[in-house]
Amino acid sequence: MADLPKRDIENVEFIFEIMGSPGVGIDAVDLGDALRALNLNPTLAVIEKMGGTKKRNEKKITFEEFLPIYSQVKKDKDQGCYEDFIECLKLYDKAENGTMLLAELQHALLSLGEQLDDEQVESLFADCMDPEDDDGMIPYSQFIQRMMSDPVVFD
């Protein structure tokens, strides 16, 4: 079964119970959400490469098809970690005091890498952001910690 530990297989089964239909599987448009629910961070390009679609009801992914996808994405080491994100945001930390302009962070999220839309950025800020100070600065390390925190724990 795709060289996965029993615990991982149980977690995938749980996600399929929530997101899928018995005997049918999950919709391919939900592939990215399923992988993210399993604490992975695939890019949109990886999701598309693995068979994700942009329209609902184009394709279904069965449990047996999903396991090798999960295994491959889990092995992918091309994901940023906390230290990588901090190093990137230090480029915007002109005073070298752990803060940056909120507007610069918003601009980066809207225009660099896998761009987010305004609604996604506002939602992210509402969930993870400390209030900006009088100069428009925010502490970026707390933002990264909250953004990367694991809200779903499978024990």
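Criteria and cut-off values
Residues numbered from 1 in each chain as written. Predicted model: local features only at pLDDT ≥ 70, side-chain atom pairs only at ≥ 80, totals over all residues. Heavy atoms only, no water. Helix = DSSP H or I, 4+ residues; strand = E, 2+ residues; numbered from the N terminus. Buried < 20%, exposed > 50% of the residue type's maximum accessible area, 1.4 Å probe, protein only. Contact = heavy atoms within 4.5 Å. Areas by Shrake-Rupley, 256 points an atom, 1.4 Å probe, with all protein chains shown as cover. Lys, Arg positive; Asp, Glu negative; His and termini not counted. Charge placed at Lys NZ, Arg CZ, Asp CG, Glu CD. Domains from an automatic or database assignment. Axes fitted to C-alpha atoms, helices over the stretch in contact; angles between N-to-C directions. Parallel < 35°, antiparallel > 145°, perpendicular 65-115°, else oblique. Left-handed = near helix turned anticlockwise from the far one by under 90°. Nonpolar A, V, L, I, M, F, W, Y, C, P; charged D, E, K, R; others polar.

### Some details on the overall build of the chain
Scanning the chain from terminus to terminus reveals eight helices and four strands. Of the regular secondary structure in the chain, the N- to C-terminal order runs α-β-α-α-β-α-α-β-α-α-β-α. With respect to the principal axes defined by its C-alpha atoms, the chain has extents near 55 × 30 × 25 Å. In the chain, buried positions account for 35% of the 155 residues. Contacts in the chain between residues at least 24 apart in sequence constitute 62% of all its contacts with a sequence separation of at least 6. Taken as a whole, the chain presents about 9,800 Å² of accessible surface, with 52% of it coming from carbon and sulfur. With 15 positive and 33 negative side-chain charges, the chain shows a separation of 8 Å between the mean positions of the two kinds.

### Overview of the domain arrangement of the chain
Taken domain by domain, the chain consists of domain 1 (6-75) and domain 2 (82-147). The gap between the C-alpha centroids of domain 1 and domain 2 is 29 Å.

### Details of the packing of helix α6 (residues 102-111) against helix α7 (residues 118-128)
The geometry of α6 relative to α7 is characterised by a closest axis approach of 10 Å and an angle of 135 degrees between their N-to-C directions. By the angle class used here, α6 and α7 are oblique. Considering how the two elements wind past one another, α6 and α7 form a crossing that is right-handed. Seen from α6, the contacting residues are L102, L105, Q106, L109 and L110; seen from α7, they are D118, V121, E122, L124 and F125. Of the residues that constitute the contact of α6 with α7, the class distribution is seven nonpolar, one polar and two charged.

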